[in-house]
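# Fold and geometry: a report
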Amino acid sequence: MDEKDLGTDLAKVLIPEADLQAKVRELAGQIDADYAGKDLLLVGVLKGAVMIMADLARALHSPASMDWMAVSSYGSGTKSSGVVRILKDLDTDILDRHVLIVEDIVDSGLTLSWLVSNLLSRNPASLEICALLRKPEAVKADVDVRYVGFDIPNEFVIGYGLDYAERYRNLPFVGTLAPHVYGGGGA
Ligand SMILES: O=P(O)(O)OC[C@H]1O[C@H](OP(=O)(O)OP(=O)(O)O)[C@H](O)[C@@H]1O
Ligand code: HPA
Ligand SMILES: [Mg+2]
């Protein structure tokens, strides 16, 4: 799926595909350096993190393991419900493992702050976060993200894993939607 397939649904491209891919390579370089000689476990947060996880993992030069958790706090809307639910837990025992959570976005910070305390209770050797995008609220929520791709404005974004009502995840760029898509513009 690409820009032309969106027609009038797209308001603007916020981060083009080439910028995303360059940033993923940069983050992978930092992670390779920081985890040299360590057995790294990447934990992707379904479903939003699928694209960043797939691209980041392939950009790493070290043989990292991959596991997935599914948690949900947004349902089909554009606001966090405030309640985090585990939909799928890890298959891996993370006791004494070096764990890097891979996320698409830190918005209110609610999902990650909940996830961090959940995973810390399992006593990993280390626990850090890599998030492609971060909004201003997350900074207020004091979620300590070690690897951040882009700080973005407080707008609802779609693409590269991020959805609106489960759609638009398969865009190769990050963008914003036209108001009519949210039901406000009459189309
Ligand atoms: O910082 P927060 O305000 O908690 O928002 C960030 C989280 O919300 C989205 O997931 P969502 O619950 O929509 O599930 P999804 O990944 O399946 O879309 C996103 O992928 C993050 O996991
Ligand atoms: O801006 C967003 N877009 C899509 N999903 C999200 N989940 C939290 N924030 C967002
Ligand atoms: Mg979502």
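See the structure above.
Please read these numbers as outputs of a predicted model, since none were measured by experiment. (Residues numbered from 1 in each chain as written. Chains lettered and ligands numbered in written order. Predicted model: local features only at pLDDT ≥ 70, side-chain atom pairs only at ≥ 80, totals over all residues. Heavy atoms only, no water.)

## Some remarks on the overall build of the protein
A tally of regular secondary structure across the protein gives 5 helices and 9 strands. Shown N-terminal to C-terminal, the secondary structure of the protein runs as helices and strands in the order α-β-α-β-α-β-β-β-α-β-α-β-β-β. Since a compact globule built from 187 residues should have a radius of gyration of about 16 Å, the 16 Å found for the protein is in line with a globular shape. Oriented by its inertia axes, the alpha-carbon framework of the protein measures out at about 55 × 35 × 30 Å. Of all 187 residues assigned to the protein, the portion counted as buried reaches 47%. Within the protein, contacts between residues at least 6 apart in sequence are counted, and of these 66% link residues at least 24 apart. In the form shown here, the protein has an accessible surface area of approximately 9000 Å², with 50% of it arising from carbon and sulfur atoms. If you average the places of the 18 positive and of the 27 negative side-chain charges in the protein, the two averages end up 3 Å apart. (Helix = DSSP H or I, 4+ residues; strand = E, 2+ residues; numbered from the N terminus. Rg over C-alpha atoms; globule rule 2.2 N^0.38 Å. Buried < 20%, exposed > 50% of the residue type's maximum accessible area, 1.4 Å probe, protein only. Contact = heavy atoms within 4.5 Å. Areas by Shrake-Rupley, 256 points an atom, 1.4 Å probe, with all protein chains shown as cover. Lys, Arg positive; Asp, Glu negative; His and termini not counted. Charge placed at Lys NZ, Arg CZ, Asp CG, Glu CD.)

## Structural notes on the side chain of Lys-135
When you line up the elements, Lys-135 lands in the loop between β6 (126-134) and α5 (136-140). Given a relative accessible area of 3%, Lys-135 falls into the buried group. A polar contact of 2.8 Å, which involves the side chain of Lys-135, links it to the backbone oxygen of Glu-155. With sequence-adjacent residues up to four places away left out, Lys-135 is seen in contact with Ile-105, Val-106, Asp-107, Ile-152, Pro-153, Asn-154, Glu-155, Phe-156 and Val-157. (Polar contact = N/O pair within 3.5 Å; in protein donor to acceptor, adjacent residues only side chain to side chain.)

## Considering the sheet that holds strand β3 (residues 65-72)
If you walk across this open sheet you meet the 6 strands as β4-β3-β2-β5-β6-β7, and the pairing is mixed. Looking at which strands have only one partner, the edges of the open sheet turn out to be β4 (85-88) and β7 (147-151). Averaged over all adjacent pairs, the angle separating strand axes in this sheet is 30 degrees, with direction ignored. Packing against the sheet, helix α2 (residues 17-34) makes contact with β2 (40-46), β5 (98-106), β6 and β7, and its axis sits at approximately 160 degrees to β7. (Pairing = 2+ DSSP bridges. Axes fitted to C-alpha atoms, helices over the stretch in contact; angles between N-to-C directions.)

## So, the pattern of salt bridges
Using the criterion set out here, one finds 13 salt bridges in the structure. Note that Asp-34 is salt-bridged to Arg-146, the shortest N-O span being 3.4 Å. Linking Asp-34 in helix α2 with Arg-146 in the loop between α5 and β7, this pair joins segments that are 112 residues apart in sequence. One salt bridge in this structure joins Asp-151 and Arg-134, with 2.7 Å as the shortest N-O distance. Placement of Asp-151 in strand β7 and of Arg-134 in strand β6 is noted, with a sequence separation of 17 residues between them. (Salt bridge = Lys/Arg side-chain N within 4 Å of Asp/Glu carboxyl O.)

On their own, these measurements won't tell you what the molecule is for.
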